[in-house]
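Residue-level structure breakdown
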Amino acid sequence: WLYDTLEVDGHWCLIHATHLTETETGDIAASGAVAGICPTTEGNLGDGLFPLKPFLDEGGVFGIGSDSHVSQCPVEELRLLEYGQRLAHQRRNIAAGRHASVGRSLWEGAVAGGARAAGRPVAGLAPGQRADLIVLDRGHVNLAGRSGDGFLDSLVFAGNDCLVRHVMVGGRWVVRDGHHPAEAEIAAAFTRIVTNMING
């Protein structure tokens, strides 16, 4: 109905898009719209799996999110996205694409789709692009002996420990040594709000 009614293009982000026919999957990919996939939400609700392989085969663009806030971890979303596909297809490396590294394919795909959906110039370290970046903790045991794409594979697949040490947003450091300067204040405010919501 959407594609019969409106002109959908690369300015659109279609959240979930889980229950798709083959035609709809192809239409989204061909239009350049971003499929906003939320694997932990879709898993929590029992909604099913996004048809990632045919979508990527058609040149589709995806981003990831966690709209129900069951998880707020982009790494967990990417891991579940790939693992769900492996379970559905009973084989590995579904999102590998043009890279041998599944972690790199997932990470770069999600960054490109997220940047398009947000209308942000995030295409790497280049003039005119936003300086949004993370620095991994090379001293973490889950990164021991890694190099090259092995860092991204470990980031996505090596469990739930936080491997991020620093975060820069728009050229400004917002997390240093794993801590945001206002994290205690933010955590207290969040706890207060959630407690009030639950207790009415």
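Residues numbered from 1 in each chain as written. Predicted model: local features only at pLDDT ≥ 70, side-chain atom pairs only at ≥ 80, totals over all residues. Heavy atoms only, no water.

What follows is about the nonpolar core. Judged by nonpolar contacts, the single largest core of 20 residues is most densely connected at Ile37, Phe50, Leu52, Phe55, Phe62 and Leu106. Among the secondary structure elements, those contributing two or more residues to this core are helix 2 (22-31), strand 2 (34-37), helix 4 (52-57), helix 5 (74-89) and helix 6 (102-118). The leading source of residues in this core is helix 6, at three residues. Leu143, Phe151, Leu152 and Leu163 belong to the second-largest nonpolar core, a separate cluster that totals seven residues. (Core = buried A, V, L, I, M, F, W, Y, C linked by side-chain atoms within 4.5 Å. Buried < 20%, exposed > 50% of the residue type's maximum accessible area, 1.4 Å probe, protein only. Helix = DSSP H or I, 4+ residues; strand = E, 2+ residues; numbered from the N terminus.)

A few words on the sheet that holds strand 2. A sheet is described by the order of its strands in space; here three strands give the open sequence 1-2-3, paired in parallel fashion. The two strands at the open ends of the sheet, each matched to only one other strand, are strand 1 (13-15) and strand 3 (61-64). Geometrically, the sheet is characterised by an average inter-axis angle of 30° between neighbouring strands, direction not taken into account. Strand direction decides the pairing type here: strand 1 and strand 2, joined by three bridges, are parallel. When the bridges of strand 2 are listed, isoleucine 15 appears paired with glycine 36. (Pairing = 2+ DSSP bridges. Axes fitted to C-alpha atoms, helices over the stretch in contact; angles between N-to-C directions.)

Moving on, we get to the environment of alanine 131. As for its position among the elements, alanine 131 is in the loop between helix 6 and strand 4 (133-136). Distance in space between the C-alpha atoms of alanine 131 and tryptophan 173 is 9.8 Å, their sequence separation being 42 residues.

We now examine unusual backbone geometry. The bulk of non-glycine residues show a negative phi, and the bulk of peptide bonds are trans. Here asparagine 93, not a glycine, exhibits a phi torsion of approximately 60°, which is positive. Structurally, asparagine 93 is set in the loop between helix 5 and helix 6. Residue asparagine 93 is classed as partly exposed on the basis of its relative accessible area of 37%. In this structure, aspartate 177 is a non-glycine residue whose phi angle is positive, near 50°. With respect to the helices and strands, aspartate 177 occurs in the loop between strand 6 (172-175) and helix 8 (183-199).

This paragraph deals with a nonpolar patch on the surface. Side chains of Ile193, Met197 and Ile198 sit close together on the surface and give an oily, nonpolar patch of about 370 Å² of accessible area. With respect to the helices, strands and loops of the structure, methionine 197 is situated in helix 8. Accessibility expressed as a relative area gives 65% for methionine 197, which makes it exposed. (Patch = residues over 30% accessible without salt bridge, like charges linked within 9 Å, V, L, I, M, F, W, Y side chains within 5 Å. Areas by Shrake-Rupley, 256 points an atom, 1.4 Å probe, with all protein chains shown as cover. Salt bridge = Lys/Arg side-chain N within 4 Å of Asp/Glu carboxyl O.)

Relative to each other, helix 5 and helix 7 (residues 150-157) sit at 85°, their axes nearing to 8 Å. In terms of orientation, helix 5 and helix 7 fall into the roughly perpendicular class. On helix 7, the residues that touch Val75, Leu78, Arg79, Glu82, Tyr83 and Arg86 of helix 5 are Leu155, Val156 and Phe157. Broken down by class, the residue content of the contact of helix 5 with helix 7 amounts to six nonpolar, no polar and three charged. (Parallel < 35°, antiparallel > 145°, perpendicular 65-115°, else oblique. Contact = heavy atoms within 4.5 Å. Nonpolar A, V, L, I, M, F, W, Y, C, P; charged D, E, K, R; others polar.)

We now examine the packing of aromatic side chains. Overall, the coordinates contain two aromatic pairs when judged by the stated rule. With a centroid separation of 5.0 Å and an interplanar angle of 80°, the aromatic rings of phenylalanine 50 and phenylalanine 55 are classed as edge-to-face. Note on accessibility: phenylalanine 50 and phenylalanine 55 belong to one class, buried. Between tyrosine 83 and phenylalanine 157 the ring centres are 5.5 Å apart and the planes differ by 35°, which places this aromatic pair in the tilted class. Note that tyrosine 83 is positioned in helix 5 and phenylalanine 157 in helix 7, a separation of 74 residues in sequence. Using a relative accessible area of 22% as the deciding quantity, one classes phenylalanine 157 as partly exposed. The residue whose ring lies beneath arginine 86 is phenylalanine 157, and the NZ or CZ to ring-centre distance is 5.4 Å. Between the NZ or CZ atom of arginine 176 and the centre of the ring of tryptophan 173, over which it lies, the distance is 4.4 Å. (Phe/Tyr/Trp six-rings, centres within 6.5 Å; stacked < 30°, edge-to-face > 60°. Lys NZ or Arg CZ within 6 Å of the ring centre and 35° of its normal.)

Before going further, it helps to examine the packing of helix 6 against helix 7. One can describe the packing of helix 6 onto helix 7 by two numbers: an axis separation of 7 Å at closest approach and a directional angle of 75°. Classified by the interaxial angle, the pair formed by helix 6 and helix 7 is roughly perpendicular. Facing helix 6, whose interface residues are Val102, Gly103, Arg104, Leu106 and Trp107, helix 7 presents Leu152, Asp153, Leu155, Val156 and Phe157. Looking at side-chain class alone, the contact of helix 6 with helix 7 contains seven nonpolar, one polar and two charged residues.

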